[in-house]
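Report on the structure
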Amino acid sequence: MLGFVARRLLYLVPVLIAVSLLTFLIASLLPGDLAYVILGDQATPEKVEALRHDMGLDQPVWWRYISWLGHVLQGDFGRSFRTGQTVLQAVAERLPVSIELMLLAEIIGLAIGVPLAIACAVRSGSAFDRFMTGTAFGMLSVPAFLSAILLIYLFAVELRWLPATGYVPFREDPAGNLRFLVLPALTLAVAEWPGIMRVLRSDMIATLQEDYIALAKAKGLKASRILFVHALKPSSLTLVTITGINIGRLIGGALIVETIFALPGIGRLLVGAIYTRDLIILQGVVLLVAAGFVLMNFVVDMLYAVLDPRIRHGHA
Amino acid sequence: MATLELSIGEEVAVTPVRRTRRLGPLFWAAIAWMTFVFVAAALANLLPLPSPTDMDMLERRASMSAQHWLGTDGLGRDELARLIYGARISLIVGLCAPMIGITIGGALGMLAGYFRGRFETLVVGSMDVLLAFPPLILALAVTAYLGQSILNLTCILGVLGIPAFMRVARAATLVLARREFVIAAQGLGATHARILLRELLPNVFLPLFAFFLLGVAVTIVAESALSFLGLGVPPPIPSWGSMIGEGRESLEIAPRLAFLPAVTMFLTVLSFNLVGDALRALTDPRQGAL
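Residues numbered from 1 in each chain as written. Chains lettered and ligands numbered in written order. Predicted model: local features only at pLDDT ≥ 70, side-chain atom pairs only at ≥ 80, totals over all residues.

**Regarding the overall build of chain B**
Across its full length, chain B carries eleven helices and zero strands. Mapped from its N terminus to its C terminus, chain B presents α and β elements in the order α-α-α-α-α-α-α-α-α-α-α. When burial is assessed residue by residue, chain B has 44% of its 290 residues classed as buried. Across chain B, contacts joining residues at least 24 apart in sequence account for 70% of those joining residues at least 6 apart. (Helix = DSSP H or I, 4+ residues; strand = E, 2+ residues; numbered from the N terminus. Buried ≥ 20, exposed ≤ 12 C-beta atoms within 10 Å, placed from the backbone. Contact = placed C-beta atoms within 7 Å.)

**A short note on the nonpolar core**
In terms of nonpolar packing, the biggest core is built from 154 residues, with Leu270 and Val285 of chain A together with Ile137 of chain B touching the most fellow members. Examining the composition of this core, we find that 18 residues originate from one element, helix α8 (residues 192-228) of chain B, more than from any other. Excluding its chain neighbours within four sequence positions, the residues that come into contact with Ile137 of chain B are Ile251, Gly252, Leu255, Leu270, Val286 and Val289 of chain A. (Core = buried A, V, L, I, M, F, W, Y, C linked by C-beta atoms within 7 Å.)

**With respect to unusual backbone geometry**
Backbone geometry at Ala262 of chain A places phi at a positive 55 degrees, although glycine is not the residue there. As for its position among the elements, Ala262 of chain A is in the loop between α11 (236-261) and α12 (266-275). Accessibility expressed as a C-beta count within 10 Å gives 14 for Ala262 of chain A, which makes it partly exposed. The phi angle at Arg116 of chain B is positive, at roughly 55 degrees, despite the residue not being glycine. Here Arg116 of chain B shows up in the loop between α3 (79-115) and α4 (117-131).

**Focus on the confidence of the model for chain B**
All names here are of chain B. Looking at chain B as a whole, the pLDDT averages 81, with 84% of positions reaching at least 70. Looking across chain B, the model is least confident in helix α1 (residues 10-13), with a mean pLDDT of 40, and most confident in α3, with 91. Across residues 1-17, confidence stays below pLDDT 50; counting only partners more than four residues off in sequence or on other chains, it has 20 contacts. With a pTM of 0.83, the predicted complex shows an ipTM of 0.80. (pLDDT = per-residue confidence, 0-100.)

**A closer look at helix α13 (residues 279-307) of chain A**
For α13 of chain A, which comprises 29 residues, the first-to-last C-alpha distance of 42 Å matches the rise-based estimate of 42 Å (1.5 Å per residue) to within 8%. Residues of α13 of chain A that are buried include every one of Leu279, Ile280, Ile281, Leu282, Gln283, Gly284, Val285, Val286, Leu287, Val289 and Ala290 of chain A, and no others. (Expected span 1.5 Å × (residues − 1).)

**Examining the interface of chain B and chain A**
Each partner contributes residues to the interface: chain B has 41 residues there, and chain A has 45 residues. If you list the elements that add at least two residues to the side of chain B that touches chain A, you get α1, α4, α5 (135-146), α8, α9 (240-249) and α10 (256-283) of chain B. With nine residues, the top contributor of residues to the side of chain B that touches chain A is α5 of chain B. Looking at the side of chain B that touches chain A residue by residue, the classes come out as 34 nonpolar, three polar and four charged. (Nonpolar A, V, L, I, M, F, W, Y, C, P; charged D, E, K, R; others polar.)

Following this line, the structure appears as structure tokens:
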């Protein structure tokens, strides 16, 4: 197991270096000079030249990359030239919002997807199963911003049950915080549950044919126990996989949802940085999000190995 | 005490029914809708439509009339014309971007799956780097730097599709390369190029094409999402995403401005998903291997 972890960790190093290189190259090779962005179109060439020199922009690209990477490794991602905030401060301030949103979404998604998957697997081929499978397939064609509009229209405009936009921190007003987060989390969950249901359903149909399920049934175990304990356990692997696959989509979805519902999370920070051409924040956030994404995939891989011994011994 | 009323008996013990190979009415409905949107988009210039960008401040959010069949939007532009011209953008980006993916990704995947070795490691490794970025984030970052244009948008969404196409092509090639007809061709002294193009490509193409249709659906959604955020197709070019974004502002007074493009987009994406999924089921190698 230790060797397996070490090997995977070693593989992370080149991937992370390549990710940082790509992030840097996107930011520096593409048109648009940072000095011009900071000083505006009216700046004199001398001023631009001076600022370029101060920021090291007149150095060769490879040297700038090395020195940038050096700073990053020391935890210095630079600071916004608009707000003066460092990238790390900005991210630390907004990360809890995004994480709370994604956790809530995943919980709601599982709460809808898992029971439906079980119900469908038990009566596979029935009218209910066919209806739910069809619905799930249809839902896969509904992008987050579409369901957001629908939910806002239904719950905020027509019924007026929930606020359409806004946010209060959890520490100040837990109930209010949840009120603001219900619609955004529901929006993301609407996109999550079909994937969870589809995969888990086919997984469970296979599991329910196993001999040990027949044995459990013959022993007279309760139906709920068979389903939730005996049949769901082997599917935990599948759930971990889906969650892993979903992270990337969840991050992208969070970006859109945070913008629509005006939640001060990472996604909104990024979109805001794009609108204001705050390139330092943009570069830092993209790098942090990508690195975080790589690490989360690593954790999912590890969980997978813990759950399935075949993988860590290389039999998969 | 009813110990076990659930029917995990015979019903489930039967092996899951193999999906019928007939294409149902839904499939043909999807094809019909795709054709309809395609024809409307292609003939947009010839149709007797008002301009999609002409504003009429006196006719803002006008309801349906003989002059404006679906009414006008917040700037007095004809909604139907914008829907149809928006279909153009969605289809151009939606078809061209996966074209980049299927060409580059398909070629890389076939070469990697056929030659194996170092080259395969390199290809898979570099795809891992591309996959390390949450796709929407990378698309946003690149369009932010490159500037918003249809060409840039198509290119970046196309590049983002390469890893997925590479995986599909590589997986199919890995299986096929061990099959008898390839070994026979090798035995007959066929060149690598000939085996790749004449033996493998026709077989890899079908699963790739099914995946292409799913890629179109994903790309249309991605383009709309970016345009919705105001970071995709530059205004005033109409796009379903930006129309939904603009319609959101007037959700209370004129919900139809958001819902019309939303429904159009949903039906289009659903159609591509349905057709792609049906073709994928038909060409699934797991079934063919029987």
